[in-house]
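Descriptive structure summary
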Amino acid sequence: MSIFTHESMINHHRSGVLSQVAETFRVWQERYRSRRELAQWSDRDLHDAGISWSDVAYEAEKPFWRA
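Within each chain, residue numbers correspond to sequence positions counted from 1 in written order. A pLDDT threshold of at least 70 governs which residues receive local features in this predicted model, and a stricter bar of 80 or more applies before side-chain atom pairs are shown or counted, although totals over entire chains, interfaces and linings include all residues. Values shown for side chains rest on all heavy atoms present in the structure; no hydrogens or waters enter the calculation.

**Quick notes on a nonpolar patch on the surface**
A residue counts toward a patch only above 30% relative accessible area and without a salt bridge, and it is joined to like-charged neighbours within 9 Å or, for Val, Leu, Ile, Met, Phe, Trp and Tyr, to nonpolar neighbours within 5 Å. For accessible areas, the Shrake-Rupley method is used with a probe of radius 1.4 Å. Any residue's cover is judged against the shown protein chains and nothing else. Any carboxyl oxygen of Asp or Glu within 4 Å of a side-chain nitrogen of Lys or Arg constitutes a salt bridge here. A cluster of nonpolar side chains, namely Val 17, Val 21 and Phe 25, defines an oily patch on the protein surface of about 270 Å² accessible area. With relative accessibility at 45%, the residue Val 17 sits in the partly exposed group. Burial classification: accessible surface area is computed with a 1.4 Å probe over protein chains only, and a residue below 20% of its type maximum counts as buried, one above 50% as exposed, and the rest as partly exposed.

**A closer look at the packing of aromatic side chains**
Any two aromatic rings considered together are summarised by their centre-to-centre distance and by the angle between their planes. Side-chain rings of Phe, Tyr and Trp (the six-membered ring for Trp) are treated as a pair once their centres are within 6.5 Å; stacked means planes under 30 degrees apart, edge-to-face means over 60, and tilted covers the remaining angles. Throughout the structure, instances matching the rule amount to three aromatic pairs. Measuring from centroid to centroid gives 5.6 Å for Phe 25 and Trp 28, while their planes differ by 90°, and the two rings are edge-to-face. Of this pair, Phe 25 and Trp 28 both sit in helix H1 (residues 14–39), separated by three residues, roughly a single helical turn. Ring geometry for Trp 28 against Phe 64: centres 5.2 Å apart, planes inclined by 65°, an arrangement best described as edge-to-face. With Trp 28 in helix H1 and Phe 64 in the segment after helix H3 (53–60), this residue pair connects regions lying 36 residues apart in the sequence. Taking relative accessible area as the criterion, Trp 28 reaches 28% and is therefore assigned partly exposed. Here the aromatic cluster, defined as three or more aromatic residues joined through ring pairs, consists of Phe 25, Trp 28, Phe 64 and Trp 65. Taking NZ or CZ as reference, Arg 36 lies 5.2 Å from the ring centre of Tyr 32, over its face. Helix and strand assignments follow DSSP, with helices taken as H or I runs no shorter than four residues and strands as E runs no shorter than two, numbered in order from the N terminus. Distance and angle both matter: a charge sits over a ring if NZ of Lys or CZ of Arg is within 6 Å of the ring centre and within 35 degrees of the ring normal.

Limitation: the analysis is restricted to geometry and does not speak to function.
If you want it as structure tokens, here you go:
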């Protein structure tokens, strides 16, 4: 066995970091989609959900990276 491929030489953190980055991008995409969809709701939909147009405007204007 080569010393360069020994188990102790393998970076075990790489897949964890990549999955965290992928999850962050997934969350950002979902926020973007959700906010665009919310902006399309009718007055009736908003009334039923108890949401005002000012709430929609506030939420829809947030950048996707802000929760």
